[in-house]
Amino acid sequence: GVAQHNGDGGDPVTLFEVVKLGKSAMQSVVDEWIESYKQDRDLALLDLINFFIQCSGCKGTVRIEMFRNMQNAEIIRKMTEEFDEDSGDYPLTMPGPLWKKFRYNFCEFISVLIRQCQYSIIYDEYMMDTVISLLTGLSDSQVRAFRHTSTLAAMKLMTALVNVALNLSIHQDNTQRQYEAERNKIAGKRANDKLELLLQKRKELQENQDEIENMMNSIFKGIFVHRYRDAIAEIRAICIEEIGVWMKMYSDAFLNDSYLKYVGWTLHDRQGEVRLKCLKALQNLYTNRELFPKLELFTNRFKDRIVSMTLDKEYDVAVEAIRLVTLILQGSEDALSNEDCENVYHLVYSAHRPVAVAAGEFLHRKLFSRHDPQAEEALAKRRGRSSPNGNLIRMLVLFFLESELHEHAAYLVDSLWESSQELLKDWECMTELLTEEPVQGEEVLSDRQESALIELMVCTIRQAAEAHPPVGRGTGKRVLTAKERKTQIDDKNKLTEHFIMTLPMLLSKYQADSEKVANLLQIPQFFDLDVYSAGRMEKHLDALLKQIRLVVEKHIEMDVLEACSKTYSILCSEEYTIMNRVDIARSQLIDEMTDRFAHSVEGLLQEAEEADDDDIYNVLSTLKRLTAFHNAHDLTRWDLFGNCYRLLKAGIEQGSMPEQIAVQALQCSHYSVLWQLVKITEGAPSKDDLVALRRVVKSFLAVCQQCLSNVNTPVKEQAFMLLCDLLMIFSHQLVTGGRDGLQPLVFNPDMTLQNELLNFVLDHVFVDQDDESQSMGERPPRWFTVHDKRRMSYYNDYGDIIKETLSKTRQTDKILCAKTLILSLQQLFNELLQDQGPNLDRTSSHVSGIKELARRFALTFGLDQIKTREAVATLHKDGIEFAFKFQNPRGPEFPPINLAFLEVLSEFSSKLIRQDKKTVHSYLEKFMSESMSERREDVWLPLISYRNSLLTGGDEDHMSVTSGSSSKAGSVRSKKGRPPVHKKRIEGEEPGAPTPLQSSVEGSWMLRNDTLQTPGALQTPQLTSTVLRENRPAEHMPDPDSEPGSENDFMQMSWLGQQKMEEVNRKDRTGMNYIKARSNQGVRRGLMEDDAEPIFEDVMMSSRGQLEDMNEEFEDTMVIDLPPSRNRRERAELRPDFFDSAAMIEDESHAHVLIWGKRVKILRS
């Protein structure tokens, strides 16, 4: 093309390079091009054409003679040959900041070009006709790069033209007003010359507007209506994004049903990025309240779809859908039904924070925003309330209770935090509702409402003090900004000053209620404790300590006691001056409890079997309190271990210790051991200290081991957990990090202890929960309890652990993992044989259980059969060998003892690729005699069914829809004649059945494996023209990134390779040549794509006739008709209602559509 010269006289560069580098202002680049256009139109347009070609990543150049003598289709075909097909990248898809900037510059260039040409050049009937014609041709290309780049260019061109049309409309209206004002003057003052000029100007503006309409119609009908349903998601997204711009920019012309329908239909797009563009386009429209009347019909038609998108699997889409629903709510309270609102409400409990926050904004707008703040404040003052938020807080409590997700109060608070902070931080109002009597006109809070309000209040305090979301929301603590940090400090001071005074009163009122007290006692951990001393509020501290002491003496619930213990621990922090005061109170409390505990233990041990309930309660209640405190406080100086150890030994020797006392004594002893270890690791321990601790640990481990045989399950479970913890803590890792001096404390469990721990797992972890209740009845066989229950009844409990373990082992060694799976199935089968004998009932639940486990194991291999082919084949090999391992002692005419195992093995047949099925079948035949293949009795059915599973799909090819997909869409597409037409599946065809060409490619690949060649990319001939594929069936090529195993697998002569080598050696040479010949038919899929496909899952057409009808409807009715200015008469014809069922297919409730290669049934309402 024509070169553009640098201003400094450097080497000439193309327009593409100038725009790519972006060093020059875009307006100067465009002005320079306009000057060249004025001098020589053809050369300037040639430069512009080459600009679009090169922006597509094509290395070719259109020459002047080609421009003058060839049609666009011929030029595009010629340029297709110039593509570098070794790479699928082109400027719009290339990564990096340079190409991101290029995309921006590319769009800006087109916009500036139209802006600078809008007064003359675009009306010369040459420049715009040439550009639009070229872009239309490129947008219809099968080359994705051409289609993507030209569509972006055309949509930006259209946006620029819409802006021109809007300016023309404004100028027309101004001219009309001037004309009417001049004409209405009296005859003497009227200037006829001016009227003549205004009429001429109006006529010129009208002609220009007609020209712009024609250009926009050409782009819309020639490009948009085809590309908005393109197979490539990025192209569809571009179209939807730009039509949203047009509707917002020039709503009088574009904001109507004729254009909104495209956005509505595309809400059903299968790609999240396209749905996202639809929602953002609609948000821009719903933000403007003046546009709501024009959106009313659209809202009624597509509201249900938008509300359903709040549950979209793509979180970004769900967030934008909720925001759009919120905008609809703001525009019209009546637009959403109660059911619509409830669908959004529950999303405040979502674990994904952006979704929850968006739902919180919706909830705030609907329920918690004050409609008349002044009137509500006046009412609150008349009632004597300091805050007008009382009713809103009551409503928040009711919402929380009705949602029935009480454990998620922190999530609800976090969701509302950004939109309702003023309400959530109104702690004065909350404490007023809890402590004061209701005034006239207010209802009394029920006990359940009070509990909910306290829980919500504590969650708001935590959110304000910590300034980060609760656990499960977000990826961790982020660094706060200076503003956020200041807000956090202010909130913490505010809540501290308020609750220092009110918390003792709240504890006093609710001290008998364990749930409320446990929540209230969490508040001090969020205090700024310096306020006690700085504000001279020690009397409030004394009141708090008094209330906590009363709570400890009144309750024995562990959650309450642990909350008290944690509160003491926080108040005793050494950095605060109040530490001494709190420590004295804590020590007094511990002294009293330890004295009481020592006396009660003595009494209990003396009474022994004669101890009554009071003796047991005194020991248990005091021990619970001490255990809770020992968790957070170092109580070793009170030597609690001694009395606890005495209790445990007495229980072991006498066998009569109450289980709750034993559990608490084990836990308290455990804490004592850990605190002693902490002291030793933090100091410089002497040898005597180490010996003393080792003696304590050894004796405690022995007690725990003895407790494993206790008759009480809670005691056994507690002993097991503590043994595991202590053996981990006192393992070899104790001496790491330069702590070699702690070597005497390292304990290694002996085989006896290991076996006892293993038996505990088998007997208590993988046991049916109903086994306890079955003790009086008939218990199932042990093999069934240990295995079937292990894999089925506890799948919900341990399924995630099992899956993760299998995943890790498969990553380490796929083949070894497969061998492990088949071995576990063989062990189950052997146990079943031992229990039922050789004559298995194959319809029994036990056999079905093994088959179900095999099915689940098969699912763990995933969908990529190439990566797992060697492992699956090895699994089948081991399974076949196991099935024929033992002959029937009654003679060869009877089936092998393990033959029924083939029925289990058949669950893995679907994971074999076609050629491997043949190989495995050949291996199976080695074990079969001639008589076996002819037997049809029931006992031989496992062999028959397994053979059939290997033969299915192994000997014949099925015709299927041709396959080809973009990197994002992943859709199955067909192209024969007109691209958008669906193909019907051939009768009897299996979903996803390979084409003959696929089979040939796989056969060629199998041949390479058989001859032990290292697998590599398939070599295919160059594709040089867009017409080469028109009458050729498309083919599915394996993903080049999914190599068929590693090189080592094949170089080491795997079992599969050996079997295939034998099989290939038996084949006729002509057959191999035929396979090779067919494999060469492959065609590179790189940049070549089928162009237009319906991509909507439930609102698009499906049959050829329906699609053609819709295309005709587009052509006949969809003409861009700008709204008339005042001088233009109103148009007589009415546009059809495109939301009517006659013009648009109803949504999923009325349409049952199965896209791509499947039969389709459309039900019109």
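Shown above is the structure to which this text applies.
What you see is a predicted model, and the numbers here were worked out from it, not measured in a lab.

Caption draft 1: Fine view of a negative patch on the surface. Judged by side-chain charge, Glu607, Glu609, Glu610, Asp612, Asp613 and Asp614 come together as a negatively charged surface patch. Tracing the chain through its elements places Asp612 in the loop between helix H29 (579-607) and helix H30 (613-632). Taking the relative accessible area as the measure of exposure, Asp612 reaches 38% and is therefore partly exposed.

Caption draft 2: View of the side chain of Thr130. In this fold, Thr130 is placed in helix H7 (residues 127-139). For Thr130, a relative accessible area of 16% corresponds to the buried category. Once residues within four sequence positions are removed from consideration, Thr130 is found in contact with Leu45, Ile49 and Phe67.

Caption draft 3: A look at the packing of H29 against helix H31 (residues 640-654). Across the interface, H29 lies against H31 with an axial gap of 11 Å and an inter-helix angle of 20°. It follows that H29 is roughly parallel to H31 by the angle criterion. Seen along the crossing, H29 lies across H31 with a hand that is left-handed. Contact residues: Thr594, Phe597, Ala598, Val601, Glu602, Leu604 and Leu605 in H29; Leu640, Asn643, Cys644, Arg646, Leu647 and Ala650 in H31. When grouped by side-chain class, the residues that make up the contact of H29 with H31 number 9 nonpolar, 2 polar and 2 charged.

Caption draft 4: Spotlight on the environment of Asp542. Mapped onto the elements of the fold, Asp542 is located in helix H27 (residues 538-554). Taking the C-alpha atoms as reference, Asp542 lies 9.4 Å from Pro504; in sequence the two are 38 residues apart.

Caption draft 5: Expanded view of helix H9 (residues 192-227). For H9, spanning 36 residues, the distance from its first C-alpha to its last is 51 Å, which sits close to the expected 52 Å at 1.5 Å a residue. Along its length, H9 shows its largest kink, about 35°, at Phe220.

Caption draft 6: Here's a closer look at the packing of helix H19 (residues 390-403) against helix H23 (residues 447-466). Viewed as axis vectors pointing N to C, H19 and H23 meet at an angle of 100°, and their least axial separation amounts to 9 Å. It follows that H19 is roughly perpendicular to H23 by the angle criterion. Each of Ile393, Leu396, Val397, Leu398, Phe400 and Leu401 in H19 lies in contact with H23, whose residues at this interface are Arg448, Gln449, Ala452, Leu453, Glu455 and Leu456. Counted by class, the contact of H19 with H23 contains 9 nonpolar, 1 polar and 2 charged residues.

Caption draft 7: Spatial organisation of the pattern of salt bridges. The final tally for this structure, using the stated rule, is 38 salt bridges. With its nearest N and O atoms 3.4 Å apart, the salt bridge here joins Arg68 to Asp42. Of the two residues, Arg68 is situated in helix H4 (residues 64-69) and Asp42 in helix H3 (residues 41-55); the sequence distance between them amounts to 26 residues. Note that Asp447 is salt-bridged to Lys516, the shortest N-O span being 2.6 Å. You can see Asp447 sitting in helix H23 and its partner Lys516 sitting in helix H25 (residues 514-520), a full 69 residues away along the chain. Classification of Lys516 as buried rests on a relative accessible area of 1%. Within the structure, one salt-bridge network assembled from shared partners comprises Arg353, Asp414, Glu418 and Arg473.

Conventions used here
Residues numbered from 1 in each chain as written. Predicted model: local features only at pLDDT ≥ 70, side-chain atom pairs only at ≥ 80, totals over all residues. Heavy atoms only, no water. Patch = residues over 30% accessible without salt bridge, like charges linked within 9 Å, V, L, I, M, F, W, Y side chains within 5 Å. Areas by Shrake-Rupley, 256 points an atom, 1.4 Å probe, with all protein chains shown as cover. Salt bridge = Lys/Arg side-chain N within 4 Å of Asp/Glu carboxyl O. Lys, Arg positive; Asp, Glu negative; His and termini not counted. Charge placed at Lys NZ, Arg CZ, Asp CG, Glu CD. Helix = DSSP H or I, 4+ residues; strand = E, 2+ residues; numbered from the N terminus. Buried < 20%, exposed > 50% of the residue type's maximum accessible area, 1.4 Å probe, protein only. Contact = heavy atoms within 4.5 Å. Axes fitted to C-alpha atoms, helices over the stretch in contact; angles between N-to-C directions. Parallel < 35°, antiparallel > 145°, perpendicular 65-115°, else oblique. Left-handed = near helix turned anticlockwise from the far one by under 90°. Nonpolar A, V, L, I, M, F, W, Y, C, P; charged D, E, K, R; others polar. Expected span 1.5 Å × (residues − 1). Bend = angle between axes of the 7 residues up to and from the residue.

Everything listed here is a matter of geometry and, on its own, says nothing about what the molecule does.
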